[in-house]
Amino acid sequence: MTTQIERIDVTPRMSKIVRHENIVYLCGQTAKGAAAGDVVHQTHEVLSRVDTLLAKAGSDRSRILTAMIFLRNIRDFAAMNEVWESWVPAGAAPARTTVQAHLASEELLVEVTITATIS
Amino acid sequence: MTTQIERIDVTPRMSKIVRHENIVYLCGQTAKGAAAGDVVHQTHEVLSRVDTLLAKAGSDRSRILTAMIFLRNIRDFAAMNEVWESWVPAGAAPARTTVQAHLASEELLVEVTITATIS
Amino acid sequence: MTTQIERIDVTPRMSKIVRHENIVYLCGQTAKGAAAGDVVHQTHEVLSRVDTLLAKAGSDRSRILTAMIFLRNIRDFAAMNEVWESWVPAGAAPARTTVQAHLASEELLVEVTITATIS
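For the structure given in this document, a descriptive report is provided here. (Residues numbered from 1 in each chain as written. Chains lettered and ligands numbered in written order. Predicted model: local features only at pLDDT ≥ 70, side-chain atom pairs only at ≥ 80, totals over all residues.)

**Details of the relation of the copies chain A and chain C**
With an RMSD of 0.0 Å, chain A superimposes on chain C once it is rotated by 120° and translated 0.0 Å along the axis. In the structure described here, the two chain copies are related by an operation that fits a three-fold rotation axis. Residue A:Ala101, judged by its C-alpha, is the member of chain A lying nearest the rotation axis, at 3.8 Å. Little of the interface of chain A is mirrored in chain C: 5% of its interface residues are interface residues there too. (Least-squares fit on C-alpha atoms with pLDDT ≥ 70 in both. Contact = placed C-beta atoms within 7 Å.)

Printed below as a string of structure tokens:
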């Protein structure tokens, strides 16, 4: 049975949000541009983007199922975690995986890919 | 309630296709062998494999939910994107994440992991 | 419609298990600590952890949909595969993707992220 896919903020490359049934898939979120700042600043910005996209999708940070986190430098693990843990609602942490990877441009230090369910 | 999982092209290591309810999961797709060619050639081959597997699974490239792309060299980002964008149907781009990673063998330049829903 | 999310083994950072409808999401599994051993030893330990978590979630290794595997050294591919293939039940291999990535600490050689469906 064909089911409906809803795509939001669509470019020829990707949709920022894909919704199918009650699951929301976000594209990988990074901080913006050349003045992206250190990993603490970038993690704050990335998670703020996640909040905005989840709201647009009818979800929120308490409804996240999985998070895949890529760090440009795994030595930023503790600094990223501190921002992350202050952002995640108590008792609502997702299943998470974090590894090191170079991202689309050299100044990007963290990328987060989220799946969630609608609120 | 136990639900049915359908596995297609199964080896002891992996299934090329796993279907559960109306979701299709493909294994990571790469180009074949030592003469795999440059990233443009490899991206074409990978996406052609995705088409074939999605057809086998009762889906197609307009029904893709998520794409995880690993590039051997992130400097191939623009070249890969050009092939990708010409392949994605208008208005049907998935949620996508792209990072750099070394793949299973040295000559492989791009790997794409897809989830989709049946048509 | 809001659906129920069940989280098991929850910390402020992540849940080891997230269940939503009939899908189980595990956090990335690694071997423990500084004496983690070689990749064969670590893969055995990781897959044993997966067994334990899947049992806790009401699933088992025959119900795995996807596996994302990160290897610290892609040259460990064959050694990891041997352990993996002896663990996967005949005919029940998941859709799998394997790439190289540095993990959260230097001694960790393999990380596995699993989604499954309940038994």
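**Some words on the interface of chain A and chain B**
With 25 residues of chain A at the interface, the matching set in chain B holds 22 residues. Sorting the residues of the side of chain A that touches chain B by element identifies strand E1 (5-10), strand E2 (15-20), strand E3 (23-26) and strand E6 (110-117) of chain A as the ones contributing at least two each. Among the elements that make up the side of chain A that touches chain B, the one with the highest residue count is E2(A) (four residues). (Helix = DSSP H or I, 4+ residues; strand = E, 2+ residues; numbered from the N terminus.)

**Here's the deal with the pairing of strand E6 (residues 110-117) of chain B**
When a strand is regular, its side chains alternate between the sheet's two faces. Residues and elements named next belong to chain B. Summarising burial for E6: eight of the eight residues are buried, a large majority. Burial along E6 is two-sided: the face carrying Val-110, Val-112, Ile-114 and Ala-116 and the face carrying Glu-111, Thr-113, Thr-115 and Thr-117 are both buried. Alignment of strand E3 (residues 23-26) against E6, held across three bridges, turns out to be antiparallel. Bridging from a neighbouring strand, Tyr-25 pairs with Thr-115 of E6. Pairing analysis gives seven bridges linking strand E4 (residues 64-71) to E6, with the strands arranged antiparallel. Its bridge partner being in E6, Leu-71 is matched across the sheet by Val-110. (Buried ≥ 20, exposed ≤ 12 C-beta atoms within 10 Å, placed from the backbone. Pairing = 2+ DSSP bridges.)

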